[in-house]
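Reading the structure
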Amino acid sequence: MDANSIPFDPRLDAPSSPPRSAQPPAHLSGLGWTRSPVVWLVLFLAIGTAVRLLRYLLNFPLWQDELMLAVNLIDHDYFRLLGKLDRNQIAPPGFLWVERWMIETWGVSEWSFRFPSAVAGLLSLPVFVRIACLVFPSGQDVSWKRPSWPAVAAFGLFATSYFPLRYSCELKPYGIDLFTAAVLLWFALEFARTPARWGWLAGLTAVTPLFVSLSFPVVIAAGGVVIGLAPVVWRTGCWRRLALYATFPLTLLASFSILRFLHSMPGQTALSEEMASHWTDGFPPHTWGPVLWAWLVRAHTSELLAYPFGGEAGASTLTALACIAGAFWLGRRNGQLLLTITGGTLTLLFVAAWLRKYPYGGHPRLVLFFAPHACLLAAGGFAAGLSWLARTGQSDVHVNRLRSVAFLGLLAIALTSAARDISKPFKSRIDEQHRAFARDFWSRPAPEGWQTVCLSPFRSQCNAPRLCDFPYRVERALSLSEQLPIIGCEVPRELATTPLRCVVFQNGSAPRHEGDYWVWRRAVAETHDLVAVDRYDLPVMSDAQPDLYEVYWFQPRTFSAAQPPPTPSAPAAIPARIAAVEGRRL
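Residues numbered from 1 in each chain as written. Predicted model: local features only at pLDDT ≥ 70, side-chain atom pairs only at ≥ 80, totals over all residues. Heavy atoms only, no water.

1. A short note on the overall build of the chain
When helices and strands are counted, the chain shows 19 helices and five strands. By the burial criterion, 54% of the 586 residues in the chain qualify as buried. Put simply, the chain shows about 25,600 Å² of open surface, and 63% of that area lies on carbon and sulfur atoms. (Helix = DSSP H or I, 4+ residues; strand = E, 2+ residues; numbered from the N terminus. Buried < 20%, exposed > 50% of the residue type's maximum accessible area, 1.4 Å probe, protein only. Areas by Shrake-Rupley, 256 points an atom, 1.4 Å probe, with all protein chains shown as cover.)

Set out below in structure tokens:
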């Protein structure tokens, strides 16, 4: 081993099988595989990969947040994606460019929209295997072929937790947040293990600009790595490594400055402030004393540590206690690097929250980049608990049995998620109803001579969810490549003598903005008369107003007898699963 490498404590290791004198009784001999860490590791890897592929292949309908981002990707070119996005959306420019390239290459579909996040989710699994083996080595061995039990526990948590699984299959950058943060942690641990191999340090500098363009919160994760590696580099006493290390934070600062410049426009700044208004629960009180301490306790027992499950109102208390125990356990076993990086990450995250820039906690998707740290600390707590049981005189058989029960519980969580996805392949029933309506609508083309049009991207028509057309427009784009003609402030001259069919979506949870509605109606009335309206209600919840689709039929004032007004669609023409209430002529 290199003289400059950081030694690992052999006490982290656990034998792959008990000594002969401690072999389990004969009735347990059929469960011998449960005493092999590598078998559990491979099993978690297989299950983690399978459930992620399953969710991707089930092709969930896009839900509202995904739809609003998808419309930007369809409507805007690469340059326009660098500016302010429509429908109050914010996403990293590199992520948007990757998504735009995907739909240009493979076409507009749920598959192409979600492919980048799916790939990031799958790649994060082997990356985390290596991370777990580095943090919890088996003696001096850091190979996955001979993992320690704490490494298996950490990876089991990571592979089966719900939130890393879910956000690896959505049109959002959260899965990429997790992957990029894991890669930075991996590079840092590899360098700390063998500081003489400066390639890992150079790799951190090289990937930083790319990662910052793909993920906003990776800046916080990278800052934690900068803090954690500082004492490691300083102890090497090599000025060349110090100079190379200095390029890492400088590159991070330059990349972050460029990102801030791209999001410094007035409209983008106002949108960032609006987003911050939704994150108030994730911001600490500007005070010191009991109120702040109570907030910190609540933050660390809620969404920040929701692994393998958890949530708000203290639902992650057990994981938080395991993390505390794991931090003490790692502190006594050469785990100071991980603790320093984790502490630096949490400190920067707290500073960002104090400045009202990014939430400390909140929904798990916002802090998914912290998942590797949470799983590693919780696994340390699990290992500490088993070590305590062993010291109290519990036999190896009992410890192995308890460990196997815990691991089987993790597998049950993953399989339960898979079963739920198979039985309900959608985020909510209304998402499936929207997709069913859109697919049925486009499968029945407009009558001969009639032209289907969409509402303009004109601002007053697209302040979702008051008067917006994004669900049916995106679903139409999922099946056809050509763009629809647009009407909005005025009807294009080439459509002035053409019968028009237009779909308008109204979210039942928000009343229609009548001012915007009549601006659009008066614009069309300059050249066309309204002859019919088909109305389709999509019930959402028993106590909520249904979402509404209205199909407007406009005939030009030069209407020909050869083009009779349409017959509105009958409710029976809509699939039963949509539960259409009515389709009538007004």
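2. Things to note about a nonpolar patch on the surface
Side chains of Leu318, Leu321, Ile324 and Phe328 sit close together on the surface and give an oily, nonpolar patch of about 480 Å² of accessible area. Turning to its location among the elements, Phe328 is positioned in helix 13 (residues 317–331). A residue is classified by how much of its surface remains accessible, and Phe328, at 58% relative accessible area, is exposed. (Patch = residues over 30% accessible without salt bridge, like charges linked within 9 Å, V, L, I, M, F, W, Y side chains within 5 Å. Salt bridge = Lys/Arg side-chain N within 4 Å of Asp/Glu carboxyl O.)

3. Considerations on the nonpolar core
Grouped together as the largest cluster of nonpolar side chains are 122 residues, with contacts concentrated most on Phe128, Ile131, Phe136, Leu229, Tyr360 and Leu376. Top element by residues in this core is helix 7 (residues 174–193). It accounts for 14 residues. Dropping the residues within four chain positions of it, Phe128 is found in contact with Ala154, Phe155, Phe158, Pro372, Cys375 and Leu376. If you look at the next biggest cluster of nonpolar residues, it comprises 16 residues, including Phe437, Trp442, Trp450 and Trp553. (Core = buried A, V, L, I, M, F, W, Y, C linked by side-chain atoms within 4.5 Å. Contact = heavy atoms within 4.5 Å.)

4. Points about helix 12 (residues 290–300)
Along helix 12, the positions that sit buried rather than exposed are Leu292, Trp295, Leu296 and Ala299. All buried residues of helix 12 fall inside an arc of 100° around its axis, so they share one side. Opposite the buried face of helix 12, at more than 90 degrees from it, the exposed residues are Pro290, Trp293 and Val297. Taken together, the buried residues of helix 12 touch helix 14 (336–354). (Arc of directions from axis to C-beta.)

5. Comments concerning the side chain of Ser124
By the element assignment, Ser124 lies in helix 4 (residues 110–135). In this structure the side chain of Ser124 is engaged in a polar contact, spanning 2.6 Å, whose partner is the backbone oxygen of Gly121. With sequence-adjacent residues up to four places away left out, Ser124 is seen in contact with Phe158 and Phe179. (Polar contact = N/O pair within 3.5 Å; in protein donor to acceptor, adjacent residues only side chain to side chain.)

6. Concerning the packing of helix 7 against helix 15 (residues 371–391)
At their nearest, the axes of helix 7 and helix 15 sit 9 Å apart, and the two run at 60° to each other. When the axes of helix 7 and helix 15 are compared, the pair comes out oblique. Counted together, Leu178, Ala182 and Leu185 of helix 7 and Ala371, Pro372, His373 and Leu376 of helix 15 form the full contact between these two elements. Among the residues making up the contact of helix 7 with helix 15, the classes are represented as six nonpolar, one polar and no charged. (Axes fitted to C-alpha atoms, helices over the stretch in contact; angles between N-to-C directions. Parallel < 35°, antiparallel > 145°, perpendicular 65-115°, else oblique. Nonpolar A, V, L, I, M, F, W, Y, C, P; charged D, E, K, R; others polar.)

7. Re the side chain of Asn72
The residue Asn72 is located in helix 2 (residues 64–75) in this model. Overall, the relative accessible area of 1% leaves Asn72 in the buried class. If we ignore the near neighbours within four places in the chain, the residues touching Asn72 are Leu81, Leu85, Asp86 and Gln89.

8. Section: the packing of aromatic side chains
Taken as a whole, this structure holds 23 aromatic pairs when the rule is applied. Site record: aromatic cluster; members linked through ring pairs are Trp40, Phe44, Trp149, Phe382 and Phe407. The lysine or arginine in question, Arg403, covers the ring of Trp149, its NZ or CZ lying 3.8 Å from the ring centre. Over the ring of Trp63 we find Lys427; its NZ or CZ atom is 4.2 Å from the centre of that ring. (Phe/Tyr/Trp six-rings, centres within 6.5 Å; stacked < 30°, edge-to-face > 60°. Lys NZ or Arg CZ within 6 Å of the ring centre and 35° of its normal.)

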